[in-house]
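# Inside the fold
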Amino acid sequence: MFGWTVEEFTALAAQVRGTPWERPAAHYDPARMARDDVHPNPWAFDPAGRREWIQAAYEELVAFVTGAAERGQGAFMSFAR
């Protein structure tokens, strides 16, 4: 488990707010993602539809980070194996 301080989250919020979707979208490569086994791996079956799914997830991420920063909150993250 690790976390971000309020200051780190505030800096992250400024960065993601300043990054339009088109910038990370330029890196969307469904063939490479399928080849590299990026999970959940629906890229090979519906590349166009999955791009929309990723865009929605990116917009949720921006809203989450921005909201937490505006409330003066940091965040914790944990990955389960």
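Since the model is a prediction, treat every value here as computed from it, not as a measurement.

## A closer look at the packing of helix α1 (residues 6–17) against helix α4 (residues 47–70)
Helices that pack against each other are described as a pair by the angle of their axes relative to one another and the distance between those axes. Between α1 and α4, the shortest axis-to-axis distance is 8 Å and the interhelical angle comes to 140°. As judged from the angle between their axes, α1 and α4 are oblique. Along this stretch, α1 crosses α4, giving a crossing that reads as left-handed. Where α1 approaches α4, its residues Phe9, Thr10, Leu12, Ala13, Val16 and Arg17 are matched on the opposing element by Tyr58, Val62, Phe64, Val65, Thr66, Ala68 and Ala69. Of the residues contributing to the contact of α1 with α4, the split by class is ten nonpolar, two polar and one charged.

## Some thoughts on the pattern of salt bridges
Any two side chains of opposite charge can pair if their charged atoms end up close together. Applying the stated criterion across every chain yields a total of two salt bridges. Here Arg32 makes a salt bridge to Asp36, at a shortest N to O gap of 3.5 Å. Arg32 gets classed as partly exposed once you look at its relative accessible area, which sits at 47%. When the shortest N-O distance is used, the salt bridge between Arg35 and Asp36 registers 3.6 Å. Classification of Arg35 as exposed rests on a relative accessible area of 62%. Relative accessible area serves as the criterion here: at 42%, Asp36 is assigned to the partly exposed category. Counted as one network, the salt bridges with shared partners bring together Arg32, Arg35 and Asp36.

## A short note on the nonpolar core
Counting residues in each nonpolar core, the largest one holds 14 residues, and the members touching the most others are Phe9, Val16, Trp21, Ile54, Tyr58 and Val65. Looking at this core, the elements that each hand over two or more residues are α1 and α4. The element contributing the most residues to this core is α4, with six residues. Not counting residues up to four positions away in its chain, the partners in contact with Phe9 are Trp4, Phe64, Val65, Ala68, Ala69, Gln73, Gly74 and Ala75.

About the cut-offs
- Residues numbered from 1 in each chain as written.
- Predicted model: local features only at pLDDT ≥ 70, side-chain atom pairs only at ≥ 80, totals over all residues.
- Heavy atoms only, no water.
- Axes fitted to C-alpha atoms, helices over the stretch in contact; angles between N-to-C directions.
- Helix = DSSP H or I, 4+ residues; strand = E, 2+ residues; numbered from the N terminus.
- Parallel < 35°, antiparallel > 145°, perpendicular 65-115°, else oblique.
- Left-handed = near helix turned anticlockwise from the far one by under 90°.
- Contact = heavy atoms within 4.5 Å.
- Nonpolar A, V, L, I, M, F, W, Y, C, P; charged D, E, K, R; others polar.
- Salt bridge = Lys/Arg side-chain N within 4 Å of Asp/Glu carboxyl O.
- Buried < 20%, exposed > 50% of the residue type's maximum accessible area, 1.4 Å probe, protein only.
- Core = buried A, V, L, I, M, F, W, Y, C linked by side-chain atoms within 4.5 Å.

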